[in-house]
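Now for the letters of each chain:
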Amino acid sequence: MTSAGEKQHYALALLKKLFDNLPSTMTVGLLYDIGCQLEYSCHKWGLLEDGILSRLKFGISVFHAYGHQWPCFGLSDGEGCE
């Protein structure tokens, strides 16, 4: 989490603070260039509470979509990017 590359802990700290100040019924859509990796890390390592994850929808912007594989979009033909 704190090694070279994208530093996910900054995004996690911001999300935690955001959800501390939002009503418990509000859902948030998050566009992040590595949203797919952040979502995977949150589920794999339990980095955010389930109460937050259930109210958070991850996505990546069109600008960053070119560098991602089909599973990042919830779609897959079994081949990945070719």
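It should be noted that the structure appears before, not after, this text.
All chains use their own residue numbering, which begins from 1 and follows the written sequence. This being a predicted model, a pLDDT of at least 70 is required before a residue's local features are given, and a value of 80 or more before pairs of side-chain atoms are given or counted; all residues contribute to the totals for chains, interfaces and linings. Side-chain numbers here rest on the full set of heavy atoms in the structure, without hydrogens or water.

Residue exposure (1.4 Å probe, protein chains only): buried if accessible area is under 20% of the type maximum, exposed if over 50%, otherwise partly exposed. For helices the rule is a DSSP run of H or I covering at least 4 residues; for strands it is a run of E covering at least 2, with both sets numbered from the N terminus onward. Here strand β2 (residues 56–59) shows a buried face lined by L56 and F58 and an unburied face lined by K57 and G59. Taken together, the four bridges between strand β1 (residues 28–31) and β2 define a ladder with parallel strand orientation. Following the sheet pairing, L31 is matched in β2 by G59. By the convention used here, strands pair only if DSSP detects at least 2 bridges between them.

Moving on, we get to helix α1 (residues 8–20). A rise of 1.5 Å per residue sets the reference length of α1, with its 13 residues, at 18 Å; its end C-alpha atoms lie 18 Å apart and thus fit the reference within 8%. If you check which residues of α1 are buried, you get Q8, A11, L12, L15 and F19. What you see down the axis of α1 is that its buried residues fit within an arc of 100°, all on one side. Across α1 from its buried face, at more than 90 degrees, point the exposed residues Y10, L14 and K17. Given a helix with a known number of residues, its expected span is that number minus one, times 1.5 Å. Within this analysis, the arc is defined by the directions that extend from the helix axis to the C-beta atoms.

Let's shift gears to the side chain of Q8. Inspection of the secondary structure puts Q8 in helix α1. A residue is classified by how much of its surface remains accessible, and Q8, at 10% relative accessible area, is buried. For this analysis, a polar contact is any N or O atom pair within 3.5 Å, provided that within protein one partner can donate a hydrogen and the other can accept it, and provided that sequence-adjacent residues contribute only side-chain to side-chain pairs. At 3.1 Å, the side chain of Q8 forms a polar contact with the side chain of S41.

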